[in-house]
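So the chains spell out like this:
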Amino acid sequence: MVRKIFGIFGSMVSLCFVLTLSSPAQDQWSWPEKPENLQVLPKDWPGSRLRAPMRGFASALGVDCSYCHVGEKGKPLSTYDFASDANPNKNRAREMIRMLGSINDHLEKIEPSGEKRVNLWCHTCHRGRPRPMTIREELVEVYKMKGLQAALTHYADLKKNYYGRGAYDFGESALNGFGHELLRSEDVEGAIKVFKMNSESFPKSGNVWDSLAEGYFKAGDMKMAEKWYRKSLELDPKNQNANDMLKKIKERK
Ligand code: HEC
Ligand code: HEC
């Protein structure tokens, strides 16, 4: 089962010539002749065959070797203990390799709609991040642990570090979804702040103004709600929700 995916690892070899290892690696370290502790990959693989999958793992997760191995980031690789299992991410990665094998078995059961089956690989899920989450999921996690300001700082960091790299979708739905999560958890003030930010980034989206209006509506500020529902309708005359809400606001007056 797991054997099948080794073909994929093999095909990564060509890729590894393109990926250059960061400079601290330019010490005397070389791939071990005989790896000591392979539990998932074939035990008889010489160390040199690990080069492609290891670099592939690192680039798929956007990390360096120290993320899964015992060693300090930036230190020469000769100081690392690659055979050790003390870093819990190594066993997590082993389980991922096994999972990849079983998902690929499942994928063989479907008739692909394209010319051939899409290869499932670490980056299919990870896209350059160790924990593959959407912006919305990540912001909700930070919000629950540390509050709104920390979540917004986290958003700014993500945007700075990942924008345009395919790891996250920075489209309007990211902050819009986060704002709606805040509405659901009764943080109306936080939601309004988030929707406002989003309207600054996507001022031409009717949907974004509709959400801001909804925030004000929930806050009981009918004047602002009306204003932004009107703006949303201007941009998107087919927005039935905005029409309905404007009627509702009129009835309340
Ligand atoms: C996402 C996690 C991950 C990353 C990143 C990673 N590795 Fe590994 N590495 C593993 C796992 C898992 C194994 C063990 C595989 C097995 O049990 O079959 C392993 C095994 C090894 C081994 C064999 C050790 C032995 O003697 O048994 C070497 C050498 C190695 N990795 C080098 C590297 C180098 C160099 C890098 C950075 C370019 C790197 N790895 C990045 C997960 C990772
Ligand atoms: C089907 C999607 C998927 C694929 C394919 C996948 N992963 Fe993962 N991986 C996840 C998810 C989801 C998590 C987060 C699990 C959690 O912590 O709840 C994760 C977590 C991890 C972690 C732990 C990261 C952390 O900081 O907690 C490592 C290491 C990892 N994956 C390595 C790999 C490697 C190496 C591959 C390829 C062999 C791979 N993954 C393939 C979905 C995937």
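Residues numbered from 1 in each chain as written. Chains lettered and ligands numbered in written order. Predicted model: local features only at pLDDT ≥ 70, side-chain atom pairs only at ≥ 80, totals over all residues. Heavy atoms only, no water.

What follows is about the pattern of salt bridges. Opposite charge on two side chains permits them to pair, given that their charged atoms come into close proximity. Tallied over the entire structure, the rule returns eleven salt bridges. Here arginine 131 and glutamate 141 are joined by a salt bridge, their closest N and O atoms 3.1 Å apart. Taken together, the residues span a long stretch of sequence, with arginine 131 in the loop between α5 (122-126) and α6 (135-146) and glutamate 141 in helix α6 at a distance of ten residues. Note on arginine 131: relative accessible area 46%, which makes it partly exposed. According to the relative accessible area criterion, glutamate 141 is partly exposed, its value standing at 28%. In the salt-bridge network here, residues are joined through shared partners; they are Asp85, Lys90 and Arg94. (Salt bridge = Lys/Arg side-chain N within 4 Å of Asp/Glu carboxyl O. Helix = DSSP H or I, 4+ residues; strand = E, 2+ residues; numbered from the N terminus. Buried < 20%, exposed > 50% of the residue type's maximum accessible area, 1.4 Å probe, protein only.)

Moving on, we get to the nonpolar core. Counting residues in hydrophobic clusters, the biggest one holds 38 residues, and the most contacted among them are Phe178 and Tyr229. Looking at this core, the elements with two or more residues in it are α6, α7 (148-162), α8 (172-184), α9 (188-201), α10 (206-219), α11 (222-235) and α12 (240-252). If you tally residues by element for this core, the top one is α7, at six residues. When residues no more than four places from it in sequence are discounted, the contact partners of phenylalanine 178 are Arg136, Leu139, Val140, Tyr143, Leu148, Ala151 and Val194. (Core = buried A, V, L, I, M, F, W, Y, C linked by side-chain atoms within 4.5 Å. Contact = heavy atoms within 4.5 Å.)

In the vicinity of ligand 2 there are 17 residues, among which Tyr67, Met96, Cys122, Cys125 and His126 approach most closely. The side chain of tyrosine 67 places a nitrogen or oxygen atom 2.4 Å from an oxygen atom of ligand 2. In this structure, a nitrogen atom belonging to ligand 2 sits 2.8 Å away from a side-chain N or O atom of histidine 126. Of all the elements in the fold, those that place two or more residues in the shell around ligand 2 are α3 (51-61), α4 (88-107) and α5. For the shell around ligand 2, the element with the highest residue contribution is α4, accounting for seven residues. Considered class by class, the residues forming the shell around ligand 2 number 13 nonpolar, two polar and two charged. (Near = heavy atom within 4 Å. Polar contact = N/O pair within 3.5 Å; in protein donor to acceptor, adjacent residues only side chain to side chain. Nonpolar A, V, L, I, M, F, W, Y, C, P; charged D, E, K, R; others polar.)

The next thing to look at is the site of ligand 1. The immediate surroundings of ligand 1 are formed by 26 residues, with Met54, Cys65, Cys68, His69 and Arg94 found nearest. With respect to ligand 1, the side chain of histidine 69 contributes an N or O atom lying 2.8 Å from a nitrogen atom. Between ligand 1 and the protein, one listed contact pairs an oxygen atom with a side-chain N or O atom of arginine 94 at 2.6 Å. At the level of elements, α3 and α4 are the ones that each hand at least two residues to the shell around ligand 1. For the shell around ligand 1, the element with the highest residue contribution is α3, accounting for four residues. Its residues assigned to classes, the shell around ligand 1 comprises 19 nonpolar, three polar and four charged.

Moving on, we come to α3. Burial runs high along α3: eight of the eleven residues are buried. Residues of α3 that are buried include every one of Ala52, Pro53, Arg55, Gly56, Phe57, Ala58, Ala60 and Leu61, and no others. Looking one or two places after α3, you find glycine 62, whose phi comes out positive at around 70°.

Moving on to the packing of aromatic side chains. Enumeration according to the criterion identifies ten aromatic pairs in this entry. An angle of 45° between the planes, with centres 5.4 Å apart, marks the rings of tyrosine 163 and phenylalanine 170 as tilted. For tyrosine 163, a relative accessible area of 55% puts it in the exposed group. Exposure remark for phenylalanine 170: the relative accessible area of 8% places this residue in the buried category. Taken together, the ring pairs connect Tyr155, Tyr162, Tyr163, Tyr168 and Phe170 into an aromatic cluster. Sitting over the ring of tryptophan 209, lysine 231 keeps its end group 4.9 Å from the ring centre. (Phe/Tyr/Trp six-rings, centres within 6.5 Å; stacked < 30°, edge-to-face > 60°. Lys NZ or Arg CZ within 6 Å of the ring centre and 35° of its normal.)

With that settled, consider the coordination of the iron atom of ligand 2. Donor atoms from the polypeptide that bind the iron atom of ligand 2 are Met96 (SD) and His126 (NE2), placed at 2.0 to 2.4 Å. Classification of the site at the iron atom of ligand 2 as octahedral follows from its six donor atoms and the range of 85 to 179° in their angles at the metal. Of this pair, methionine 96 sits in helix α4 while histidine 126 sits in helix α5; the two residues are 30 residues apart in sequence, bridging distant segments of the chain. The exposure class of histidine 126 is buried, given its relative accessible area of 11%. (Donors = N, O, S within 2.8 Å, 3.2 Å for Na, K, Ca; no water. Tetrahedral: all angles 85-135°; square planar, octahedral: opposite > 155°, others 65-115°.)

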